[in-house]
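Overview (structure and organization)
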Amino acid sequence: AMEWSRLTSLQLATEVLLVLYQESLFTVHTVHELLWGYKDKLLSTIHLLRPEVDPVFGFFSKMNGTDDGEYVFLSGETDYLNFSRIVEWKGKESLSWWTTEACNMINGTDGTAFHPLISKDENIYIFSSDFCRSLYLVYDSSGAVADIPTYRFVPSAMVFANTTVNPDNAGFCVPPGNCPGTGVLNVSICKQGAPIFISAPHFYQADPKFINDIEGMNPKKEYHETFLDINPLTGLVLRAAKRMQINVHVRKLPEFFETGNIRTLIFPVMYINESVLIDEVSANKLKHVLLEANVVTGIPFVIMALGIVFGIVFVVLVCRSRGVSEEGTADERSPLIRT
């Protein structure tokens, strides 16, 4: 509310409401209220002026049993590489939040499935509405889930790198030139102007300044990295973890005394770990399919090997039959014309 009104004619009215409702920079609520929503007095009043602002606040408010918009996918019938690739979201073929055409592109799938025959050398593209952008993952390691071979793909360090390292990320700096730093993405432009910044939990792979600003940050790859374990033959995701941290950009606003002398920093509020693991029944079905695929794939090679063996045996038998010959009698060896 402060960020929204500070440059408008409603700044004074917002300050009066903050005093009237005795609102401070930090608020205390139960976990249930913060997750599933509570009716906020200040937001309820702002809702009268800006109907798009919801009077109920909660991280998962109105998200249970809902979707994030209509998607249009390709079936991969004409090109298997396009299987489950997104071509439209909410009726649009591209985004409009960022400052470059490349950054506004909707690339890849929604992360639940990929094209078959995945190689270690390719990049896996995903569009995430939570991040308000597309991003790509790179091969990390090989393994197995329920005895099914997998390739692990993780987000590239270049995805959230500083513009000095990856100049292509300049399009995600809004307004232009306002780049927060490595490992942090400003998504306020797609979150109704709220100063929300997204990062990996505990600022994993982020600039050390974000880690040092907050006590208790201890980033570790095994706990805080997003990953996908994909079966390379089918493109199916067998195990995955989507890990993201929600932060608020906190700073002193001279127009509002509630901010006091607080330092300017990226303040972590919560982080989410959405994990999935294939169940035993589905894993057994997939093993059966993979076994059949291996048998069908191996039949031509078996036939070829048998053909080579039979060919060699035939050649050996022919050579042996030609090599065995009798010398004949003396009359047979004598010349036809005799003197």
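The name an unreviewed UniProt entry gives the protein chain is SCRB2 protein, with Oreotrochilus melanogaster as the organism. In its Subcellular location (unreviewed entry) section, the UniProt entry covering the protein chain states "Membrane". For the record of the protein chain, the UniProt heading Sequence similarities (unreviewed entry) holds the text "Belongs to the CD36 family."

Along the chain, S44 falls in helix α4 (residues 41–49). For S44, a relative accessible area of 17% corresponds to the buried category. Residues contacting S44, with those up to four places away along its chain left out, are K39 and P55.

Tallied over the full model, the rule gives two disulfides. Between C132 and C190 runs a disulfide, and the two sulfur atoms are separated by 2.0 Å. An S-S torsion of about 90° defines the bridge between C132 and C190 as right-handed. Taken together, the residues C132 in the loop between β5 (124–128) and β6 (133–145) and C190 in the loop between β8 (184–186) and β9 (196–199) connect sequence positions 58 residues apart. Judged by relative accessible area, C132 falls into the buried class, the value being 1%. Overall, C190 belongs to the buried group, its relative accessible area being 16%. Numbered in order of appearance, the disulfide-bonded cysteines of the protein chain are paired 1-4, 2-3. Here C103 is not cross-linked by a disulfide; its sulfur's nearest cysteine counterpart is in C173, at 8.5 Å. Residue C103 is classed as buried on the basis of its relative accessible area, which comes to 5%.

Rules and cut-offs
Throughout this description, residue numbers start from 1 for each chain and increase along the sequence as written. Reporting of local features is limited, given that this is a predicted model, to residues whose pLDDT is at least 70; pairs of side-chain atoms are given and counted only at 80 or more, and all residues count toward the totals for whole chains, interfaces and linings. As a convention, hydrogens and water are excluded, and side-chain values are obtained from all of the structure's heavy atoms. UniProt positions are given in the numbering used here, feature names are shortened, and annotations may be inferred rather than shown by experiment. The numbering of helices and of strands both runs from the N terminus, where a helix is a DSSP run of H or I of at least 4 residues and a strand a run of E of at least 2. Remark: exposure states derive from per-residue accessible area (1.4 Å probe, protein chains only) relative to the maximum for the residue type, with buried under 20%, exposed over 50%, and partly exposed in between. Contacts: residue pairs with any heavy atoms within 4.5 Å of one another. We call a pair of cysteine sulfur atoms a disulfide whenever their separation is within 2.5 Å.

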